[in-house]
Amino acid sequence: RLDAGLSCLYSRPMTNIFLVGPMGSGKSAVGRRVASDMKLDFYDSDDEIQSRTGVDIPYIFEREGEAGFRRRETAVLEELASLTNIVLATGGGAPGSADNRRLLAKHGTVVYLYTTVPEQLRRTRKSTHRPLLHVDDPGEVLEELMQQRNPLYREIADIVVETDGRRVPGVAREVRERVLALVDGD
């Protein structure tokens with residue numbers, strides 16, 4: 001079944017899988033697993049930005065602000081979306097831009113990894129590389145971001161996968177199966 005789905009996936013014009021969702025939803029870990037399982041190339045937009053600039057995301061936020069970071073993010077998304085046969089983990093704020101939403105929707109299958117705010121808080125509580133959470137009440141920030149971004153994620157999502165209380169292999173398996181079913185037309 002997987003091989004049959006893969007041949008179908010490769011014969012279709014939309015061969016990319018774009019993972020969207022809030023920080024802590026597992027986009028990078030799930031994306032790596034899906035890419036490995038499906039023999040696709042994996043990219044993480046935040047990693048690409050850091051690799052190209054030679055500095056980490058918090059430094060870019062500090063120097064250029066969120067607007068500067070978002071400009072860099074859009075440029076990377078434009079380049080990566082033009083590739084084929086990839087799995088791309090986007091940054092949590094990437095769908096905030098209408099241009100980014102159009103780009104992702106046009107060039108691949110968009111999978112929203114839905115995660116509740118309490119689960120995000122649990123998963124990100126020890127993180128030091130998330131500049132938006134360097135505040136007194138990260139839960140409040142996550143709640144605000146969810147209110148703003150959830151409708152945007154859902155607007156472009158072809159598939160929504162809930163991740164709360166789940167491990168990476170199970171989420172990756174569901175993503176893979178649902179993408180293949182969508183591509184097969186089931």
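Owing to the predicted nature of the structure, the values given are computational and were not obtained by experimental measurement. (Residues numbered from 1 in each chain as written. Predicted model: local features only at pLDDT ≥ 70, side-chain atom pairs only at ≥ 80, totals over all residues. Heavy atoms only, no water.)

Participant: Help me out: how do you make sense of the side chain of Thr163 in this one?
Facilitator: With respect to the element layout, Thr163 can be found in the loop between β5 (159–162) and α8 (168–184). The exposure class of Thr163 is buried, given its relative accessible area of 2%. Apart from residues no more than four positions distant in its own chain, Thr163 is found in contact with Ser25, Leu113, Tyr114, Thr115, Arg123 and Val171. (Helix = DSSP H or I, 4+ residues; strand = E, 2+ residues; numbered from the N terminus. Buried < 20%, exposed > 50% of the residue type's maximum accessible area, 1.4 Å probe, protein only. Contact = heavy atoms within 4.5 Å.)

Participant: Sorry, what's going on with the nonpolar core here?
Facilitator: The tendency in soluble globular proteins is for nonpolar side chains to be buried side by side. Formed by 25 residues in total, the largest nonpolar core has its most connected members in Phe18, Val20, Ile49, Phe69, Leu88, Leu104 and Val110. Sorting the residues of this core by element identifies β1 (17–20), α4 (57–81), β3 (86–89), α5 (98–107), β4 (109–114) and α7 (138–156) as the ones contributing at least two each. Ranked by the residues each element gives to this core, the list is headed by α4, at eight residues. Ignoring anything within four residues of it in the chain, the contact list for Phe18 reads Ala81, Ile86, Leu88, Leu104, His107, Gly108, Thr109, Val110 and Val111. Counting residues in each nonpolar core, the second largest holds 18 residues, with Leu19, Val34, Ile159 and Val175 among its members. (Core = buried A, V, L, I, M, F, W, Y, C linked by side-chain atoms within 4.5 Å.)

Participant: Explanation requested: α5 in the structure shown.
Facilitator: Along α5, the residues that are buried comprise Asn100, Arg101, Leu103 and Leu104. Angular distribution of buried residues about the axis of α5 spans 165°; they occupy a single face of the element. Projecting away from the buried face of α5 at angles above 90 degrees are the exposed residues Arg102 and Lys106. (Arc of directions from axis to C-beta.)

Participant: I'm lost on the packing of α5 against α7 in this one. Help?
Facilitator: For any two helices packed against each other, the geometry is given by the interaxial angle and the distance between the axes. Between α5 and α7, the least distance of the axes is 9 Å, while the angle of their chain directions is 30°. Classified by the angle their axes make, α5 and α7 are roughly parallel. Relative to α7, the crossing made by α5 is right-handed. Side by side, α5 and α7 meet where Arg101, Leu104 and Ala105 of the first sit next to Leu152, Glu155 and Ile156 of the second. (Axes fitted to C-alpha atoms, helices over the stretch in contact; angles between N-to-C directions. Parallel < 35°, antiparallel > 145°, perpendicular 65-115°, else oblique. Left-handed = near helix turned anticlockwise from the far one by under 90°.)

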